[in-house]
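Breakdown of the fold
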Amino acid sequence: METPLDKRDDESLGWGYWDRIWPSSVALSEYLIHQFLPSKLTGVKVLEIGCGTGLPGVVAAHLGAFTMFSDMVPITLEAVKETCHLNHISNFDTCTLDWAEKITSRKRYDLVMGCEVFYDEAILADISLVLEQVLAPGGKGIFCDPNRLGLDTIELGFQEKFNLSIEQIPLNWPPRKGIGAEKMVYLYELTRRSQTTS
């Protein structure tokens, strides 16, 4: 995948967490490929929250989904547009999204995903609110991170409105030299309590 970050220096992009590829985004991208290749995402509406470089959203779009990339930082969305252009992706759009505010758009998504977005306990309520507002009937949220907050905290953050299933998936990036225990990250799948997990 080619990105606009390959052609710019750090100073022109500005400092932030968004302009790096996080290991969990690679793990989620690999998960999407293994689960949905070649075309099981065709016609699926995907929202990536806190998209940063947008790697999982780009992968979802390559697998046939329509991806809405969202972030609070406008330059992030400009970089994602350029990434999509460089990779000949047209089935996407972008929007700014503040998780703490009411969402006025009536668009609904079959899949809402994010990586490294469970970075603060207070954020979980905001993400839960986003899911309540944008998940289509039967939709699910899929999130990936190294479990910074602890599983109990994450379960408590979503238990009122959502069923939560958790699994560990392999983390193959960045490459590691030598032999050792396989590094893992956590994949969290959220569905509304009023529906059963598929």
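The notes below deal with the structure included here. This structure is a prediction, so every number in the text was calculated from the model and none was measured.

**Quick word on the state of the cysteines**
Across all of its chains, the model carries zero disulfides by this definition. Free of any disulfide, Cys51 has its nearest neighbouring cysteine sulfur in Cys95, separated by 8.7 Å. Residue Cys51 is classed as buried on the basis of its relative accessible area, which comes to 6%.

**Points about the nonpolar core**
Counting residues in hydrophobic clusters, the biggest one holds 24 residues, and the most contacted among them are Ile49, Val112, Phe118, Ile127, Leu131, Phe143 and Phe158. Counting only elements with at least two residues in this core, the list comes to strand S4 (109–115), helix H5 (123–134), strand S5 (135–145), helix H6 (151–158) and strand S7 (184–192). Examining the composition of this core, we find that six residues originate from one element, H5, more than from any other. Discounting chain neighbours no more than four positions away, the residues touching Ile127 are Ile49, Trp99, Val117, Phe118, Phe143 and Phe158. Listed in part, the 22 residues of the second largest apolar core include Val44, Val46, Cys144 and Val185.

**A short note on the pairing of S4**
With six of seven residues buried, S4 is to be regarded as a mostly interior element. With three bridges connecting them, strand S1 (residues 45–48) and S4 associate as parallel partners. Residue pairing across strands places Val46 opposite Leu111, the latter belonging to S4. With six bridges joining them, S4 and S5 adopt parallel strand pairing. Pairing of Tyr109 across the sheet is with Leu135, part of S5. In this fold, S4 hands off to H5, which returns the chain to S5; that crossover is right-handed.

Calculation rules
Residues numbered from 1 in each chain as written. Predicted model: local features only at pLDDT ≥ 70, side-chain atom pairs only at ≥ 80, totals over all residues. Heavy atoms only, no water. Disulfide = S-S within 2.5 Å. Buried < 20%, exposed > 50% of the residue type's maximum accessible area, 1.4 Å probe, protein only. Core = buried A, V, L, I, M, F, W, Y, C linked by side-chain atoms within 4.5 Å. Helix = DSSP H or I, 4+ residues; strand = E, 2+ residues; numbered from the N terminus. Contact = heavy atoms within 4.5 Å. Pairing = 2+ DSSP bridges. Right-handed = clockwise from strand over helix to strand, strands pointing away.

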